[in-house]
Amino acid sequence: MTEEDALRAYARMMNCLDSSHLEPWLVDDFRYASQWVFDEIGSKAEYLEYIRPKLETIRQAGAAPWAEIGWLADRPCVVMAQGDRDNLLAVVLAEVASGKILRIDLCAVPAPQAARRTGEYPGRVDA
């Protein structure tokens with residue numbers, strides 16, 4: 001698994017609102033950080049406890065995210081938007097080793113507008 005593969009799995013999870021697209025690729029001591037949240041999540045189990053209800057809340061609110069594969073210079077990323085594919089909110093970066101995802105970071109900096117967008121929305125049928 002490459003960083004790009006990891007980010008496609010993350011984008012698929014967000015576009016389908018289904019954590020099963022990402023879960024098998026996470027190491028047990030997986031780390032998740034968001035620039036909007038003070039505390040870092042420090043395990044796969046803790047992340048799944050966090051993300052599953054969040055995905056369900058998004059589903060119930062009808063505020064589907066748009067998770068698009070992008071590039072920051074020579075590094076892949078996911079460009080996150082909500083409501084409309086051009087309402088850009090964040091960039092997602094991943095760290096991978098030995099075929100598993102070690103870490104995912106949800107970032108305001110670098111700005112999503114700085115990413116080269118590809119128009120690829122893994123798992124999304126209405127893109």
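Look a little higher up for the structure.
Residues numbered from 1 in each chain as written. Predicted model: local features only at pLDDT ≥ 70, side-chain atom pairs only at ≥ 80, totals over all residues. Heavy atoms only, no water.

Engineer: Is there a simple way to explain the overall build of the protein chain in this structure?
Structural biologist: The number of helices and strands found in the protein chain is two helices and six strands. Counted from the first residue to the last, the protein chain has its helices and strands arranged as α-β-α-β-β-β-β-β. Across its three principal directions, the C-alpha atoms of the protein chain cover 35 × 35 × 30 Å. Across the protein chain, contacts joining residues at least 24 apart in sequence account for 57% of those joining residues at least 6 apart. By element, 50% of the accessible surface of the protein chain is carried by carbon and sulfur atoms, the whole surface being about 6400 Å². (Helix = DSSP H or I, 4+ residues; strand = E, 2+ residues; numbered from the N terminus. Contact = heavy atoms within 4.5 Å. Areas by Shrake-Rupley, 256 points an atom, 1.4 Å probe, with all protein chains shown as cover.)

Engineer: Can you walk me through the pairing of strand β5 (residues 100-107) in this structure?
Structural biologist: For a regular strand, side-chain orientation follows a simple rule: the groups alternate between the two sheet faces. Here strand β1 (residues 26-34) pairs with β5 via five bridges, running parallel. Looking at β5, one finds that Leu-26 is bridged to Ile-101. The pairing of strand β4 (residues 88-97) with β5 spans seven bridges and is classified as antiparallel. If you follow Leu-93 over to β5, its bridge partner there is Asp-105. Between β4 and β5, which follow one another and run antiparallel, lie two residues, and Ser-98 among them has a positive phi close to 50°. (Pairing = 2+ DSSP bridges.)

Engineer: I'm lost on the nonpolar core in this one. Help?
Structural biologist: Core analysis: the biggest nonpolar cluster contains 29 residues, and Tyr-10, Leu-22, Tyr-47, Val-78, Met-80 and Ile-104 have the highest contact counts within it. With sequence-adjacent residues up to four places away left out, Ile-104 is seen in contact with Tyr-10, Leu-22, Phe-30, Arg-31, Tyr-32, Ala-33, Val-92, Leu-93 and Ala-94. One finds Trp-66, Val-79, Leu-93 and Tyr-121 within the second-largest nonpolar core, a separate group that totals 11 residues. (Core = buried A, V, L, I, M, F, W, Y, C linked by side-chain atoms within 4.5 Å. Buried < 20%, exposed > 50% of the residue type's maximum accessible area, 1.4 Å probe, protein only.)

Engineer: Honestly, the sheet that holds β4 in this entry has me stumped. Any pointers?
Structural biologist: Consider a sheet: its strands pair through backbone hydrogen bonds, and that pairing is either parallel or antiparallel. Strand order across the open sheet formed by six strands is β1-β5-β4-β3-β2-β6, with mixed pairing between neighbours. Both edges of this open sheet fall to β1 and β6 (116-117), since each of them pairs with a single strand only. Taken strand by strand, helix α2 (residues 44-61) contacts β1, β2 (65-72) and β3 (75-82), and its axis lies near 55° from that of β1. (Axes fitted to C-alpha atoms, helices over the stretch in contact; angles between N-to-C directions.)

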